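The primary structure of each chain is shown beneath.
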Amino acid sequence: DYSHFCREQNILNGIFSYPGDCTLFIRCSSLDTIIEPCPYGQAFNPASGSCQNDESARLCQGIGQLPGQTTVQTYLDVSDHCRRSNYRDGIHSHPYTCEVYLKCVDYVTHFLICPNNTLFDPIPRGCVSSSIARPCNDAIAQSYDIYRACEKYNLLNGFYPDPIRCSNFIECHFGVTHYYECPDGLHFNVQAGACDLSDLVDCSYNFKFTFT
């Protein structure tokens, strides 16, 4: 029963997939849980946070979980990812799944779905057979351990980016990980090691960052 999902998970606002039924989605509004159906013939696509045609139905389950969410699969809204990440025109990896990739045009985010049995490969910047595809975003796996990154990777004291969220970062202090979020309108600048105006930050450095 997910009728109290938003309050139980302490999620103020957001849109999330409904476990086990791709034709439904969960909308959180001021901690209230609203379960809504997609229009007939459509399925919820967590990559875009919206209902789309049946082709997207295979995407509504199994993409992955964000840190701290264990009872239901949840996703940050990436519908404006190109603008928020300051991506220039071109093809980019999706931050949560290799089955979908992004096309940025004038900072507008377009979602493209790889054909069945293929995944997005960041080297040729296209969809290739899933048997040979490279990981489209190393940060996907790393992000789940972000809260223990300093200890796990034996990082020196200092500030490091969150490889999935451009506005977040960690501080390592003698092996202890402290997790922070920049104030509104700011992103973490990897080169400066501090929060900076979002227009001055190229988030691709954050998403490409590896701790090893």
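Before any of the text, the structure's been laid out above.
From a predicted model like this one, the values you see are computed outputs, not experimental measurements.

Asker: Could you clarify how one ought to interpret the sheet that holds strand β6 (residues 90-93) in this entry?
Answerer: Remark on secondary structure: sheet strands pair via backbone hydrogen bonds, oriented parallel or antiparallel. Pairing in this open sheet of three strands is antiparallel, and the strands run β6-β7-β8 from one edge to the other. Sheet topology places β6 and β8 (108-113) at the edges, where each strand pairs with a single neighbour. Direction aside, the axes of adjacent strands within the sheet are offset by 35° on average. Of the strand pairs in this sheet, strand β7 (residues 100-105) and β8 are connected by six bridges, and their pairing is antiparallel.

Asker: Which parts of the structure should I look at to understand the sheet that holds strand β12 (residues 168-173)?
Answerer: Here three strands make up an open sheet; going across it, the order is β11-β12-β13 and the pairing antiparallel. Where the open sheet ends on each side, the last strands, each with one partner, are β11 (158-161) and β13 (176-181). Sheet twist, expressed as the mean angle between neighbouring strand axes with direction ignored, is 30°. As defined by bridge partners, β11 adjoins β12 across four bridges and the pair is classed as antiparallel. Residue pairing in the sheet places Phe159 in a bridge with Glu171 of β12.

Asker: So what exactly am I meant to see when it comes to the state of the cysteines here?
Answerer: Overall, the coordinates contain six disulfides when judged by the stated rule. Across a sulfur-sulfur distance of 2.0 Å, Cys82 and Cys104 are joined as a disulfide pair. Between Cys82 and Cys104, the disulfide has an S-S torsion of -75° and is therefore left-handed. With Cys82 in helix α2 (residues 81-84) and Cys104 in strand β7, this residue pair connects regions lying 22 residues apart in the sequence. Each of the two residues, Cys82 as well as Cys104, counts as buried. Between Cys182 and Cys195 runs a disulfide, and the two sulfur atoms are separated by 2.0 Å.

Calculation criteria
Residues numbered from 1 in each chain as written. Predicted model: local features only at pLDDT ≥ 70, side-chain atom pairs only at ≥ 80, totals over all residues. Heavy atoms only, no water. Pairing = 2+ DSSP bridges. Helix = DSSP H or I, 4+ residues; strand = E, 2+ residues; numbered from the N terminus. Axes fitted to C-alpha atoms, helices over the stretch in contact; angles between N-to-C directions. Disulfide = S-S within 2.5 Å. Buried < 20%, exposed > 50% of the residue type's maximum accessible area, 1.4 Å probe, protein only.

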